[in-house]
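Structural characterization, general
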Amino acid sequence: MKSIKLFALSLLGLFGMSSCVNDFLDREPMDIITEDLIWSNENAIEAYMAGMYEDMFVEPHAWLINWGVLGHYTDESMRSYSWGYPYTPVLDLSSLAQWEYTKVRTVNEFLEKIPESPFTEEQKQRWIAEAHFVRAFHYFTMAKRYGGVPLVKEVQEYTGDNVEDLKIPRNTEEETWNFIAEECDLAIAGLPESYDATEQFRASKYAAAALKARALLYAGSISRYGSVQLNGLVGIPSDKADDFFRRSMEASSMIIESGQFELFNQEADPATNYQQLFLDKTMNSEAIFVKAYSTPDKAHNFDYAMAAPSFKIDWGTNTSPTLELVESYEYVDGSPGTLKTADENGNPIYYENVEDIFKDKDPRFFASILYPGCPWQNSEVEIRRGIIKSDGTRETASTFTDVFSEDASLTISGKDGLVMSGDCSRTGFYIKKFMDPVNRVEQDRSETNFMVFRYAETLLNYAEAAFELGQTDQALQKVNEVRRRAGIREKTSLTMEDIRNERRVELAFENLRYWDLVRWRIATDVMNNTVFSALIPWLDYRTGQYVFEKSGNTLNLPKTFLERQYYLEIPGVAQNELLEQNPGY
């Protein structure tokens, strides 16, 4: 008899868990259970469903090779080591591949078996709606990578001699995005508005609406800014853009008009509030759909991988936010965020304290990025490239322990870099967002949740779709809601570049920037043999003040994104002649 591997922390604890770890999804693989027992046992069905949720590739925190982040493939950040992804002459996107058909089969089998199970129609309909949400997410994962993919809606069975019958061609990209929307509609129709505390991390109808809004916004952008190739297997006709944007806007409106969500506002200080939004372990007012973590059974490595040198336990220093990202954060008065390193005559500006250069930046900057002089974990982040000597020349450090030639009480670099032969930032910055502000966290012990969908993104999705449809006033209103919470001056007019930059700073490090660059078809411009920049602090020994220079990152490694990489390479083409490969591969 066929066996199916189920995913669960424990069948015994599915209902009635009274500890703080009350997440339905917080389960790990368990035993092998025979198929005929699954569909008549509620606990087994719930365990099967937990496995389907766990299979969803939500792209959380650090999930790439060696705990890399998707921002490494963008202008958002760079990997702090010269080895490994993505440092090849052209961005190597192979680690981004995700061909989800084994997972799709699991959902298809669930949808086939559940209607015959001996439970109430109400219960079965909710389970079926959840399955449609999961299947929509799997196809969304593939569509944004490959364009049109085969739409497999039923279980395929191999009988030993029917291989040719199991081969199916790709659907068009337009058909694929529309199928995702249809699946979301089925999920919306059958899912509840909310859950009690024991099941709070399951998908609600608003999670399905958020997926629909994001997916259709992506499709609209591809239609407007992309081109149709391979008879529509990739690309969407340009005359379909407005319809995709309209439907995306409607899905976002459903969330907004529900009154179920609002921007997180629990702290008086905007920077503290924004930081706490991501550390909060509840389904707070902004959270629409969350992947939850808890130690020791279900944790991740973000703190361990990202810690600055003087705060790390072992690995650390994985990611360096770029100066380009830092300068995309405006000042609170709404002026451009360019850091001031020289006066109008080109003379260096001297700062009494190293952190003074960041005065009056967008509070989201202070909540998201560890900068030179930043208070952190009962100490401060100390970053400098070297010291200006008494004669005006500069002395640089190769290692953290290099001592200043004029004063043995000083090391040349800060305790967190910048040095050339040591693990440290290559840009003068580290990540703060998601990080524990108090504790140094061991490997496999981070438990910061990951918000897959949150209300601020909904507002920005609505704003972008509205702007694309010429509804500028509605777009401006939603952008200003986000800016008001952030503690930055509201805008009186709006451009598409304003909306894109608002997404860039509000959603930084949430693994959305890559997909934005791809769907807007600007990745080839942003990354064209581009060496992203660093801010280099220097301590002037004569005055005790700091000066800064802007330069390329200290690894001097560029990034290039090729035209063909707007779509990834379709796997398995050699085994299925009906699968047509994407252009350029």
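Remember, it's a predicted structure, so these values are computed and weren't measured experimentally.

**Brief notes about the overall build of the protein**
If you tally the helices and strands in the protein, you get 17 helices and 16 strands. The C-alpha atoms of the protein give 25 Å as radius of gyration, which agrees with the globular expectation for 585 residues (25 Å, within 12%). Along the longest, intermediate and shortest principal axes, the C-alpha atoms of the protein span 85 × 55 × 50 Å. Each of the 585 residues in the protein was classed as buried or not, and the buried ones make up 60%. In the protein, the proportion of contacts linking residues at least 24 apart, taken out of those at least 6 apart, comes to 72%. For the protein, the accessible area works out to roughly 22,500 Å², and carbon and sulfur atoms hold 48% of it. Charge centroids of the protein, computed over 58 positive and 91 negative side chains, lie 2 Å from each other.

**Digging into the environment of Pro363**
Within the fold, Pro363 resides in helix H12 (residues 363–368). Exposure remark for Pro363: the relative accessible area of 9% places this residue in the buried category. Along the primary structure Pro363 and Ile488 are separated by 125 residues, whereas in three dimensions their C-alpha atoms are 7.6 Å apart.

**Details of helix H13 (residues 455–468)**
Residues spaced three or four apart along an α-helix face the same direction, because each turn holds 3.6 residues. With 14 residues, H13 extends 20 Å between its outermost C-alpha atoms, agreeing within 8% with the 20 Å of an ideal straight helix rising 1.5 Å per residue. Counting buried positions along H13 yields 14 of 14 residues, so the element is predominantly enclosed.

**Side note on helix H2 (residues 42–55)**
Helix length check: H2 (14 residues) gives 20 Å between terminal C-alpha atoms against 20 Å at 1.5 Å per residue, within 8%. The buried count for H2 comes to 11 of 14 residues, which makes it a mostly enclosed element. Looking only at H2, the buried set comprises Ala44, Ile45, Glu46, Ala47, Tyr48, Met49, Ala50, Gly51, Met52, Tyr53 and Asp55. Near the N-terminus of H2, the side chain that reaches the backbone nitrogen of Asn43, with its oxygen 2.9 Å away, is that of Asn41.

**As for the packing of aromatic side chains**
Evaluation of the coordinates by the stated rule reveals 38 aromatic pairs. Here a set of aromatic residues connected by ring pairs shows up, and it is made of Tyr53, Phe133, Phe137, Phe140, Trp177, Tyr218, Phe289 and Phe453. Above the plane of the ring of Trp538 lies Arg394, whose end atom (NZ or CZ) is 4.6 Å from the centre.

**Digging into the nonpolar core**
One finds Phe110, Phe133, Tyr139 and Trp177 to be the most contacted residues of the largest nonpolar core, which totals 111 residues. Among the elements that take part in this core, helix H4 (residues 121–146) stands out by supplying 13 residues, more than any other. Each residue touching Phe110, except ones within four places of it in the same chain, is listed here: Trp39, Ile45, Tyr48, Met49, Met52, Pro115, Trp127 and Ala131. Counting residues in hydrophobic clusters, the runner-up holds 63 residues, among them Leu339, Ala397, Cys424 and Met435.

The rules behind the values
Residues numbered from 1 in each chain as written. Predicted model: local features only at pLDDT ≥ 70, side-chain atom pairs only at ≥ 80, totals over all residues. Heavy atoms only, no water. Helix = DSSP H or I, 4+ residues; strand = E, 2+ residues; numbered from the N terminus. Rg over C-alpha atoms; globule rule 2.2 N^0.38 Å. Buried < 20%, exposed > 50% of the residue type's maximum accessible area, 1.4 Å probe, protein only. Contact = heavy atoms within 4.5 Å. Areas by Shrake-Rupley, 256 points an atom, 1.4 Å probe, with all protein chains shown as cover. Lys, Arg positive; Asp, Glu negative; His and termini not counted. Charge placed at Lys NZ, Arg CZ, Asp CG, Glu CD. Expected span 1.5 Å × (residues − 1). Polar contact = N/O pair within 3.5 Å; in protein donor to acceptor, adjacent residues only side chain to side chain. Phe/Tyr/Trp six-rings, centres within 6.5 Å; stacked < 30°, edge-to-face > 60°. Lys NZ or Arg CZ within 6 Å of the ring centre and 35° of its normal. Core = buried A, V, L, I, M, F, W, Y, C linked by side-chain atoms within 4.5 Å.

So far we have only geometry, and geometry alone does not tell us how the molecule works.
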